[in-house]
Amino acid sequence: MKFFLIISDFIIPAVLLGIVVYGMKKKRPVYDDFVEGAKEGMKTVAGILPTLIGLMVGVGVLRASGFLDMLAQVTAGLSSKIAFPAELIPVVFVRMFSSSAATGLSLDIFDKYGPDSYIGLVTSIMMSCTETIFYTMSVYCIAAGIKKTRWTLPGALLCTFAGIAASVLIAGML
Amino acid sequence: MLNYIWAVLIIIGVIYGALTGHMADVTNGALDSAKDAVELCITMLGVMSLWTGLMEIATRSGIIEALTRRLLPVMHWLFPNVPDNHPAMSHISTNMIANFLGLGWAATPAGLMAMKSLSELNTEHPDSASDAMCAFLVINISSIQLIPVNIIAYRSQYGSANPAAIICPAIIATSISTVAGIIFCKLACARKKGLG
């Protein structure tokens, strides 16, 4: 779908232009603000480096041991019935509990299959349209002193599966 | 949670590697992965700093506040039980806009404030989530993001020909999941009213 690609190509330049023009209109020192914010970005990345090393080593060990391949073979029968790539089942499962662990598995997929392969595309889209259900729910519910979450979990699961289904379908069209 | 996941990754990896005779691969896997993580962070330094820099301009010039005001009619429709001038409304809007723009650090505090303000309105059953809380959490989890900055950085690091190519597909997918979430919320609220 060439249309998707054209839109994708336009979004970052449009955001760039929009923000800079709006900032100028409000008479902000846009470049100074940019530099100030960019420092924050560097701190953020420096902050996640230890996490990334830990998780990528964890996933790297698991992959090198051959366990992930074995898991993919075991789940291949099931996943072929629902037209879902077996390699992505661990990502989907882990995604619900930990965003960074799911990132570790996704990077492993990018490394092995390439980010532009079908599996790489499904992973990219899926990681962009889902959230860490159990983590988010527990943090927010603890903050508000909630014990009974009522229909939050079914709703959250529905969203997540709708997102995953959409990722598989859209990646197939690209 | 992450402590268990990480421990399980390492334990299964090492034991399975020992049983299948892949110990040399496991050693290299661990060392190479640590190196890959550093290389990845170098790529991310550029992309993330570009994005947080732009977002700083957006925040300081008031784009976020302007968007929050524009969002009020939508908020009113999504959370009919919350009064328009209640602080929960502005916390929810700020959280949604921060998520939309990929500002995780701004989204979480606003989200926590939103939950606390909503619990002030939830006097009948304080330990049970109100409709507004359920709806807020479902929409939050459905993930609304304009540009998945991290994923683009990862794709770029692993040699994608066009790392940003997934922006539009991701917007469509995330819209589908959010619309599914909103429909679910509206049905769940309507059913409760129907039962009286």
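Going along each chain's sequence as written, the residues are numbered from 1 onward. Chain A is the first chain written and ligand 1 is the first ligand written, with later ones labelled in order. The model is predicted, so local features are restricted to residues of pLDDT at least 70 and side-chain atom pairs to those at 80 or more, both for listing and for counting; the totals for chains, interfaces and linings are taken over all residues. Side-chain measures were taken over the full set of non-hydrogen atoms in the model, leaving aside hydrogen atoms and water.

**Student:** Account for the nonpolar core, naming residues and giving values.
**Tutor:** Residues enter a nonpolar core if they are buried and are Ala, Val, Leu, Ile, Met, Phe, Trp, Tyr or Cys, with the set joined through side-chain atoms within 4.5 Å. Using a 1.4 Å probe on the protein chains alone, a residue whose accessible area is under 20% of its type maximum counts as buried, one over 50% counts as exposed, and one in between counts as partly exposed. Ranked by size, the top nonpolar core spans 74 residues in total, and within it Ile19, Leu52 and Leu107 of chain A together with Met44 and Ile147 of chain B carry the most contacts. Think of it this way: any DSSP run of H or I at least four residues long counts as a helix, any run of E at least two long counts as a strand, and we number them from the N terminus. If one sorts the elements of this core by residue count, helix α2 (residues 23-60) of chain B sits on top with ten residues. A domain assignment, automatic or from a database, supplies the domain bounds used here. Counting contributing residues per domain, this core is built from domain 1 (1-55) and domain 2 (62-195) of chain B, each supplying no fewer than three. Once you skip the residues sitting within four places of it in the chain, Leu107 of chain A turns out to touch Leu52 and Met56 of chain A together with Leu40, Tyr154 and Tyr158 of chain B. If you look at the next biggest cluster of nonpolar residues, it comprises 31 residues, including Cys141 and Ile146 of chain A together with Leu78 and Ala188 of chain B. In this analysis, two residues are considered to be in contact whenever any of their non-hydrogen atoms come within 4.5 Å of each other.

**Student:** Hey, could you go over unusual backbone geometry for me, with residue numbers and the actual values?
**Tutor:** Residue Lys27 of chain A is not a glycine yet carries a positive backbone phi of 60°. Within the element layout of this structure, Lys27 of chain A appears in the loop between α1 (2-25) and α2 (30-64). Notably, Ser143 of chain B is not glycine yet its phi reads approximately 65°, a positive angle. Mapped onto the secondary structure, Ser143 of chain B falls in the loop between α7 (131-141) and α8 (149-157). Taking relative accessible area as the criterion, Ser143 of chain B reaches 6% and is therefore assigned buried.

**Student:** I'd like to hear about the interface of chain B and chain A, residue by residue, with values.
**Tutor:** At the interface, 100 residues of chain B touch 90 residues of chain A. Both faces considered, chain B and chain A share a buried interface measuring about 7,900 Å² in area, 78% of it formed by carbon and sulfur atoms. A simple way to read buried area is as the amount of 1.4 Å-probe accessible surface that goes missing from two parts once joined, with both sides added. Broken down residue by residue, the surface that chain B buries against chain A is led by Ile57, Ile141 and Tyr158 of chain B, which jointly contribute 9%. Within this document, salt bridges are pairs made up of a side-chain nitrogen of Lys or Arg and a carboxyl oxygen of Asp or Glu, the two lying within 4 Å of each other. The interface formed by chain B and chain A holds three salt bridges in total. A salt bridge links Asp33 of chain A to Arg60 of chain B, with the shortest nitrogen-to-oxygen separation between them at 3.1 Å. Whenever a nitrogen or oxygen atom comes within 3.5 Å of another N or O atom, the pair is scored as a polar contact, on the condition that within protein one atom can donate a hydrogen and the other can accept it, and that pairs from neighbouring residues in sequence are kept only if both atoms are in side chains. One can count 22 residue pairs in polar contact (both at pLDDT 80 or more) joining chain B with chain A. For the side of chain B that touches chain A, the secondary-structure elements that each account for two or more residues are α1 (2-19), α2, α3 (63-70), α6 (104-121), α7, α8 and α9 (167-195) of chain B. No other element matches α2 of chain B, which puts 25 residues into the side of chain B that touches chain A. Residues were grouped as follows: Ala, Val, Leu, Ile, Met, Phe, Trp, Tyr, Cys and Pro as nonpolar; Asp, Glu, Lys and Arg as charged; and all remaining residues, including Gly, as polar. Its residues assigned to classes, the side of chain B that touches chain A shows 63 nonpolar, 28 polar and nine charged.

**Student:** Residue-level account of the packing of aromatic side chains, with values.
**Tutor:** Paired rings are identified among Phe, Tyr and Trp, the last through its six-membered ring, by centres lying within 6.5 Å, and are further divided according to the angle between planes into stacked (under 30 degrees), edge-to-face (over 60) and tilted (the rest). Tallied over the entire structure, the rule returns six aromatic pairs over all chains. With a centroid separation of 5.9 Å and an interplanar angle of 20°, the aromatic rings of Tyr140 of chain A and Phe136 of chain B are classed as stacked. In this pair, Tyr140 of chain A is assigned in helix α7 (residues 133-143) and Phe136 of chain B in helix α7, connecting two distinct chains. Accessibility assignment for this pair places Tyr140 of chain A and Phe136 of chain B in one class, buried. Aromatic ring contacts, followed pair by pair, group Phe93, Phe97 and Phe134 of chain A into a single cluster. Working rule: Lys NZ or Arg CZ, within 6 Å of ring centre, within 35 degrees of ring normal, means a charge sits over the ring. The ring centre of Trp77 of chain B lies 4.5 Å from the NZ or CZ of Lys186 of chain B, which sits over that ring.

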